[in-house]
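# Structure at a glance
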Amino acid sequence: MLEIHPSYPALASLIEKYPAHRGSLFQTYNDILLAQQWRDVQVIDLGDCRRGALRGKRPKTATDPESLLHVIPCSLAESISMAWIQNVFSALDNPHSVYLAVVSDDSSIVYYKLSPGIVKPSI
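Please read these numbers as outputs of a predicted model, since none were measured by experiment. (Residues numbered from 1 in each chain as written. Predicted model: local features only at pLDDT ≥ 70, side-chain atom pairs only at ≥ 80, totals over all residues. Heavy atoms only, no water.)

### So, the confidence of the model for the chain
Mean pLDDT over the chain: 88, with 93% of residues reaching 70 or higher. Per-element mean pLDDT across the chain ranges from 85 in helix H1 (residues 8-17) up to 96 in strand E4 (residues 98-103). (pLDDT = per-residue confidence, 0-100. Helix = DSSP H or I, 4+ residues; strand = E, 2+ residues; numbered from the N terminus.)

### Here's the deal with the pairing of strand E1 (residues 39-46)
Sheet topology places E1 next to strand E2 (residues 51-57); 6 bridges connect them, and they run antiparallel. Note on E2: the bridge partner recorded for Val43 is Leu54. The hairpin turn running from E1 into E2, its antiparallel successor, is 4 residues long, and Arg50 in that turn takes a positive phi close to 55 degrees. (Pairing = 2+ DSSP bridges.)

### Regarding the sheet that holds strand E3 (residues 68-75)
In spatial order, the strands read E1-E2-E3-E4-E5; together these 5 strands make up an open sheet with mixed pairing. Because the sheet does not close on itself, it has two edges, and the strands there are E1 and strand E5 (109-114). Taking the axes of each pair of neighbouring strands and ignoring which way they run, one obtains an average angle of 30 degrees across the sheet. Here E2 pairs with E3 via 4 bridges, running antiparallel. Bridge pairing in E3 links Arg55 to His70. (Axes fitted to C-alpha atoms, helices over the stretch in contact; angles between N-to-C directions.)

### Considerations on the pattern of salt bridges
Under the criterion given, the structure shown has 3 salt bridges. In this structure, Asp40 engages Lys57 in a salt bridge whose closest nitrogen and oxygen atoms are separated by 3.7 Å. Taken together, the residues span a long stretch of sequence, with Asp40 in strand E1 and Lys57 in strand E2 at a distance of 17 residues. Here Lys57 falls in the buried class, since its relative accessible area comes to 18%. A salt bridge links Arg51 to Glu78; the shortest N-O distance between them is 2.5 Å. Of this pair, Arg51 sits in strand E2 while Glu78 is found in the loop between E3 and helix H3 (82-91), placing the two residues 27 residues apart along the sequence. (Salt bridge = Lys/Arg side-chain N within 4 Å of Asp/Glu carboxyl O. Buried < 20%, exposed > 50% of the residue type's maximum accessible area, 1.4 Å probe, protein only.)

This is the structure:
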């Protein structure tokens, strides 16, 4: 049924390559593109992590809208290890932070900002 959705062509290669993660990738892509209105959204292959990820920019109304952000979709049912998170950072050339998009069975998404090491929260 995904094949008839307008966003399918952008995701097709990674949905076929990583079918276990197709739901979380599809939901997250549509959320950041349509609901959150990110710009310049790209789908990228994290081969070492065996899944797709997303890269893009927040809307112009956001603080620092030119900053390139990374989103890693996953399912609430998945087990995630520290080694896996380190692999994600390595596969993305060690960005300052990444967002983990946790998709539940009811299609709701919670985003967690992950940074390497201990980072003091902004006040």
